[in-house]
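These are the residues of each chain, in order.
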Amino acid sequence: MTFDRNQFYQDWEQHIEKVYADFKRHTEIFNYDLDIRVSQEHAKEYAQIAIKHIFLLNGGALVALPALIAAFDLSKTAGVWNSGLSFALGLVFIVFTSLFAYWSAGCAVTQTAAAKFKNYTSYFLQNMEPILSQQTIAEQKETEKKYTKAEKSGRKLAFFWEIMAVVSGILSISAFIYGARTMTIEVWNLKTPTPIVSQKN
């Protein structure tokens, strides 16, 4: 068997092109994953800032409520107690918001890990299938299905808990707005004199 140098160089060039194409594809995937990770980190930071501000709004209003009751003598008005209840509910809702956001982040991590393992398994099968036994191929395909299922489940759960966190956050800020509105009305009615209507005989 004679050595064909031209065929050798041709096969080598094809191999180099394939390796370079795989490297380029994985580099693009890595950059894409990096961009997604940076965007997710920014979103988490903004969400944490929003949660802290809503917590401070409801908590600060609840702490300031006794001072307002004493300053304006509002202890006998029902609206004051409705305001206090609203601020307390706002705190409860924001605690649930934090809990839902934590669960959403956990599910997102699970989804990302499952997606990466699925891609690794798929890449392994794509490049090593000709030299693998049928049992190993079957096991790897079963593993790929398992990671695909975990990725879909993680994505759905992350989206569900994210929606729950948004709804709970909206309820919390709504509770603050209702409580502040009720308190403002009570103070306004107390400071506004009731007009005296003269009765004519």
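Because the structure is predicted, anything quoted here is derived from the model rather than measured.

Peer 1: Quick question: what am I supposed to make of the overall build of the protein here?
Peer 2: Scanning the protein for helices and strands turns up three helices and zero strands. Within the protein, the proportion of its 201 residues that are buried is 22%. In the protein, the proportion of contacts linking residues at least 24 apart, taken out of those at least 6 apart, comes to 82%. Surface exposure of the protein reaches about 15,100 Å², of which carbon and sulfur atoms provide 65%.

Peer 1: Looking at this structure, how should I read the side chain of Thr182?
Peer 2: Counting through the fold element by element, Thr182 comes out in helix α3 (residues 134–191). Residue classification places Thr182 among the buried positions, given a relative accessible area of 10%.

Peer 1: Any chance you could explain the pattern of salt bridges here in plain terms?
Peer 2: Pairing between side chains becomes possible if they bear opposite charge and their charged atoms approach one another. Under the definition given, this model contains two salt bridges. Put simply, Glu151 and Lys118 hold a salt bridge, and the shortest N to O gap is 3.0 Å. Here Lys118 lies in helix α2 (residues 78–128) and Glu151 lies in helix α3, a separation of 33 residues in the sequence. For the salt bridge of Arg155 with Glu151, the shortest nitrogen-to-oxygen distance reads 3.2 Å. With a gap of four residues between them, Arg155 and Glu151 both fall in helix α3, about one helical turn apart. We classify Arg155 as partly exposed; its relative accessible area is 39%. Where salt bridges share partners, they join Lys118, Glu151 and Arg155 into one cluster.

Peer 1: Is there a simple way to think about a nonpolar patch on the surface in this case?
Peer 2: The grouping of Val92, Phe96, Leu99, Tyr102 and Trp103 at the surface amounts to a nonpolar patch, some 500 Å² of accessible area in total. Along the polypeptide, Leu99 turns up in helix α2. Residue Leu99 is classed as partly exposed on the basis of its relative accessible area of 34%.

Peer 1: Honestly, the environment of Ala113 in this entry has me stumped. Any pointers?
Peer 2: Position of Ala113 among the secondary structure elements: in helix α2. Distance from Ala113 to Glu151, taken between C-alpha atoms, is 8.0 Å for residues 38 residues apart in sequence.

Peer 1: Looking at this structure, I do not really get the side chain of Ser86. What am I missing?
Peer 2: Mapped onto the secondary structure, Ser86 falls in helix α2. Polar contacts involving the side chain of Ser86 include one to the main-chain carbonyl oxygen of Asn82, which spans 2.9 Å. With near-sequence residues (within four places) excluded, Ser86 lies in contact with Asn58, Ala175, Tyr178 and Gly179.

Peer 1: For this particular structure, what's the right way to read the packing of aromatic side chains?
Peer 2: The way to describe two aromatic rings as a pair is by their centre distance and the angle between their planes. The full count for this structure, using the stated rule, is seven aromatic pairs. Plain terms: the ring middles of Phe87 and Phe176 are 5.9 Å apart, the flat faces sit at 40° to each other, and that makes the pair tilted. Taken together, the residues Phe87 in helix α2 and Phe176 in helix α3 connect sequence positions 89 residues apart. The exposure class assigned to Phe176 is buried, which follows from its relative accessible area of 19%. Seen in terms of ring centroids, Phe100 and Trp161 are 5.5 Å apart; in terms of plane orientation they differ by 20°. Their pairing is stacked. Taken together, the residues Phe100 in helix α2 and Trp161 in helix α3 connect sequence positions 61 residues apart. Comparing Phe100 with Trp161, the two get one shared label, buried.

Peer 1: I tried to follow the nonpolar core on my own but got confused; where do I start?
Peer 2: Inside soluble globular proteins, nonpolar side chains tend to come together where they are buried. In this structure, Leu65, Ile69, Leu74, Val80, Met183 and Val187 together form the largest nonpolar core, which totals six residues. Going through the elements one at a time, α1 (5–72) and α3 are the ones with two or more residues in this core. If near-sequence neighbours (up to four positions away) are discounted, Val187 is found in contact with Phe72 and Leu74. Counting five residues, the second largest nonpolar core, distinct from the first, contains Cys107, Ala158, Trp161 and Ala165.

About the criteria used
Residues numbered from 1 in each chain as written. Predicted model: local features only at pLDDT ≥ 70, side-chain atom pairs only at ≥ 80, totals over all residues. Heavy atoms only, no water. Helix = DSSP H or I, 4+ residues; strand = E, 2+ residues; numbered from the N terminus. Buried < 20%, exposed > 50% of the residue type's maximum accessible area, 1.4 Å probe, protein only. Contact = heavy atoms within 4.5 Å. Areas by Shrake-Rupley, 256 points an atom, 1.4 Å probe, with all protein chains shown as cover. Salt bridge = Lys/Arg side-chain N within 4 Å of Asp/Glu carboxyl O. Patch = residues over 30% accessible without salt bridge, like charges linked within 9 Å, V, L, I, M, F, W, Y side chains within 5 Å. Polar contact = N/O pair within 3.5 Å; in protein donor to acceptor, adjacent residues only side chain to side chain. Phe/Tyr/Trp six-rings, centres within 6.5 Å; stacked < 30°, edge-to-face > 60°. Core = buried A, V, L, I, M, F, W, Y, C linked by side-chain atoms within 4.5 Å.

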